[in-house]
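Each chain, written out:
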Amino acid sequence: MFFRRKNTKAEFEREVMPHLQALHSVALRLTRSQGDAEDLVQDAVLRAYRFWDGFEAGSNCKAWLLRILTNVFRNRYRERNREQEILLEAESTTANLGQFQGHAMRDAESALFGRMLSRDVEKALAALPDEFRLPVVLADLEDLSYKEIADVMECPAGTVMSRLYRGRRMLQKLLVAYAADADAPKDETENTKDSTLVDLDEFRRQKREGGAA
Amino acid sequence: MTLACDEADTFMHAYSDGELTGSDREAYETHLRGCEACAKASRLQARFKAALRGHLPRPALPLGLKSRIESALAMVPTPKRRFPWQAYPRAFTVGVAAAAAVVLLVASPGRIRRSPVLEQAISTFHRDVPLDVLSQSCSTVSDWFRGKLDFSLPSRAVPSGTNCQGGRLVNVRNHFGAYVVYQVTAGHRLGVMVFPSDDEPIAGAHPRVLSGQAVFMDSRQGVSTAVYRQPGGLDYVFTADLDEDALANVVETAFLTPRQAN
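Everything numeric here is computed off the predicted structure, so don't read it as measured data.

How each quantity is defined
- Residues numbered from 1 in each chain as written.
- Chains lettered and ligands numbered in written order.
- Predicted model: local features only at pLDDT ≥ 70, side-chain atom pairs only at ≥ 80, totals over all residues.
- Helix = DSSP H or I, 4+ residues; strand = E, 2+ residues; numbered from the N terminus.
- Buried ≥ 20, exposed ≤ 12 C-beta atoms within 10 Å, placed from the backbone.
- Contact = placed C-beta atoms within 7 Å.
- Nonpolar A, V, L, I, M, F, W, Y, C, P; charged D, E, K, R; others polar.
- Pairing = 2+ DSSP bridges.
- Axes fitted to C-alpha atoms, helices over the stretch in contact; angles between N-to-C directions.
- Expected span 1.5 Å × (residues − 1).
- pLDDT = per-residue confidence, 0-100.

**What about the overall build of chain A?**
Working step 1: Counting its regular elements, chain A contains eleven helices and zero strands.
Working step 2: Secondary structure elements of chain A, listed N to C terminal, follow the sequence α-α-α-α-α-α-α-α-α-α-α.
Working step 3: When burial is assessed residue by residue, chain A has 31% of its 213 residues classed as buried.
Working step 4: In chain A, once contacts between residues fewer than 6 apart in sequence are set aside, the share between residues at least 24 apart is 74%.

What follows is the structure, given as structure tokens:
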């Protein structure tokens, strides 16, 4: 095709603008920063416009836009957080699902619901590695079907299911941990010595001796 | 079909998401009627899903974001037509490219000197920006870009036998591009920016024909630049702290001369 139709931009805006809020919401969960989220949405929309010719009329515009947004995010913002994510990923895979399987733990989860704080939910979600956070956001906050999520993430539906499953489990584990943290009596935590922490006086003493030697 | 508890467990998420259908759904619901523990787990999952939604409502769209995007869209020119060499890369011969070079030079010399892409290439070169991937192996640098660009980085952009330093992603006119840094003779640096061609004419005051290809050269701020548009839609901007002749020589021998098949 050599020429775009004259009303392409108007058509584009009519189709795309109604999805801005969903784009912004997902962008915010991905970038965890208001400024980055706005930039990400703008970049994704401009990019979508470049590829508007390739969008099939009548197909799922929201999933198409979210796929573009996710790709822009991956390319541009991910490098920054990579180190942190590798750590989180290692942590979450070793913690794994074992702790949550079996009925005993479900009681802990059950007890959780009455005490979940929005702040904690926000924090726990932000702590998930991208590949687990994205399916949780898309399924639980944006109500996308598995097929749509597979479309956005460009992966098979089976992968969506396993990531969603693991993502939710990690989230629950973090929330149980936050709740347990909040329950722990203050003085007890203060008196519990972590063997990995170095006592300041001890450190100074060692340093003096080391310096003298 | 009867389910064991561990099988039922694998259905729980799909069920809470409304994705379990047909006989799977029936089998799961039958299991739940006979197993209080799984029924409880299923109710908890549904509550957890609802609770997430309740705790994390959709954030309000920031004031001004919509209009900001609308103004950004208004600035984007509606692409009118493809360049002939994008539409018919094979038909576009060296002679036509060289002639186009002369026409562009004569037609718009003023515009050529203000090319934002050249400004960006020079500034990226001068700032000696930190690289995302550091490696002297060209194939490592080339592999790093895989999946990060909208185009596959041609092997000509990272030729073997050159002295690679590393690379980073760059954003050129809202396209993702690759920026690769090389060490050339006697401590001189060469930066090569590769990105999808746009409707903008390629820039450079001094057209040359190198290895039969039209290349636009220029020099300012202590560096020389060479711009090359590869048939098929990729632009290359070479920036080096060399004079134009030396840069032309590097571009021609390392990047534009077809490799002999071994």
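From this point on, the discussion continues.
**What to know about the overall build of chain B**
Working step 1: Each helix and strand counted, chain B has ten helices and eight strands in total.
Working step 2: A separation of at least 24 residues holds for 57% of the contacts in chain B among residues at least 6 apart in sequence.

**Describing the interface of chain B and chain A**
Working step 1: Contacts between chain B and chain A engage 37 residues on the former and 40 residues on the latter.
Working step 2: When contributions to the side of chain B that touches chain A are tallied by element, the ones reaching two or more residues are helix H1 (5-16), helix H3 (36-55) and helix H4 (65-75) of chain B.
Working step 3: A total of eleven residues in the side of chain B that touches chain A trace back to one element, the largest contributor, which is H3(B).
Working step 4: For the side of chain B that touches chain A, the per-class residue count stands at 19 nonpolar, four polar and 14 charged.

**A look at the sheet that holds strand S6 (residues 213-220) of chain B**
Residues and elements named next belong to chain B.
Working step 1: Here eight strands make up an open sheet; going across it, the order is S1-S2-S3-S4-S8-S7-S6-S5 and the pairing antiparallel. The outermost strands of the open sheet, each flanked by one partner alone, are strand S1 (133-134) and strand S5 (206-210).
Working step 2: Both strand S2 (residues 164-172) and strand S3 (residues 175-184) contribute to a ladder of eight bridges, which runs antiparallel. When the bridges of S3 are listed, Arg 168 appears paired with Tyr 179.
Working step 3: In the packing of helix H8 (residues 116-127) onto the sheet, the strands contacted are S2, S3, strand S4 (188-196), S6, strand S7 (223-230) and strand S8 (234-240), and the crossing angle to S8 comes to about 45°.

**Focus: the pairing of S4(B)**
Residue and element names in this part refer to chain B.
Working step 1: Relative to S4, S3 runs antiparallel, the two being bridged by seven bridges. Directly across from Val 181, in S4, lies its bridge partner Gly 191.
Working step 2: Two successive antiparallel strands, S3 and S4, enclose a turn made up of three residues, where Ala 186 displays a positive phi of approximately 50°.
Working step 3: By the bridge criterion, seven bridges tie S4 to S8 in an arrangement that is antiparallel.

**Considering unusual backbone geometry**
Residue and element names in this part refer to chain A.
Working step 1: For Asp 143, which is not glycine, the phi torsion reads 60° and is therefore positive.
Working step 2: With respect to the helices and strands, the residue Asp 143 is situated in the loop between helix H7 (130-141) and helix H8 (146-153).
Working step 3: Under the C-beta neighbour-count criterion, Asp 143 is labelled exposed, with 12 such atoms within 10 Å.
Working step 4: Phi at Glu 154 takes a positive value of approximately 50°, unusual for a residue other than glycine.
Working step 5: Examined against the element boundaries, Glu 154 turns out to sit in the loop between H8 and helix H9 (157-183).

**A word on the environment of Glu7(B)**
All names here are of chain B.
Working step 1: Structurally, Glu 7 is set in helix H1.
Working step 2: On the basis of neighbour counts, which here come to 15 C-beta atoms within 10 Å, the residue Glu 7 falls in the partly exposed class.
Working step 3: Residues Glu 7 and His 31, spaced 24 residues apart in sequence, show a C-alpha to C-alpha distance of 10.0 Å.

**Quick word on the pairing of S5(B)**
Residues and elements named next belong to chain B.
Working step 1: For S5 and S6, the ladder comprises five bridges, and the chain directions are antiparallel. By the bridge assignment, Pro 207 is partnered in S6 with Phe 216.
Working step 2: Taking the residues between adjacent antiparallel strands as the criterion, S5 and S6 are bridged by two residues, where Ser 211 takes a positive phi near 50°.

**A short note on H8(B)**
Residue and element names in this part refer to chain B.
Working step 1: With twelve residues, H8 should cover 16 Å at 1.5 Å per step; its first-to-last C-alpha distance of 16 Å lies within 8% of that length.
Working step 2: Regarding H8, the residues found buried are Val 117, Leu 118, Gln 120, Ala 121, Ile 122 and Phe 125.
Working step 3: Elements that come into contact with the buried residues of H8 comprise S2, S4, S6, S7 and S8.
Working step 4: Backbone geometry just after H8 places Asp 128 at a positive phi near 50°.

**A closer look at the confidence of the model for chain B**
Residues and elements named next belong to chain B.
Working step 1: Predicted confidence across chain B gives a mean pLDDT of 81, with 84% of residues reaching 70 or more.
Working step 2: Across chain B, helix H2 (residues 22-34) holds the top mean pLDDT of 92, while helix H7 (residues 109-112) sits lowest at 40.
Working step 3: Model confidence for the complex: the whole-complex pTM is 0.53, and ipTM, which rates the interface, is 0.70.

**Structural notes on the environment of Val250(B)**
Residue and element names in this part refer to chain B.
Working step 1: Of note, Val 250 is situated in helix H10 (residues 244-256).
Working step 2: Look at Val 250 and you get buried, because 22 C-beta atoms sit within 10 Å.
Working step 3: Separated by 60 residues in the primary sequence, Val 250 and Leu 190 place their C-alpha atoms 9.3 Å from one another.
Working step 4: Residues within four places of Val 250 in sequence aside, it is in contact with Val 184, Leu 190 and Ala 240.

**Points about the environment of Thr30(B)**
All names here are of chain B.
Working step 1: Residue placement: Thr 30 occurs in helix H2.
Working step 2: With 14 C-beta atoms counted inside 10 Å, the residue Thr 30 sits in the partly exposed group.
Working step 3: Spatially, the C-alpha atom of Thr 30 lies 7.9 Å from that of Thr 2, the residues being 28 residues apart in sequence.

**Some points on the confidence of the model for chain A**
Residues and elements named next belong to chain A.
Working step 1: Confidence in the prediction of chain A, expressed as mean pLDDT, is 76, and 65% of residues score 70 or more.
Working step 2: Every residue in residues 86-105 scores below 50 in pLDDT, and together they form 15 contacts with partners more than four places removed in sequence or on other chains.
Working step 3: Here residues 188-198 is modelled with pLDDT under 50, and outside its nearest four sequence neighbours on either side it reaches two contacts, counting other chains as well.

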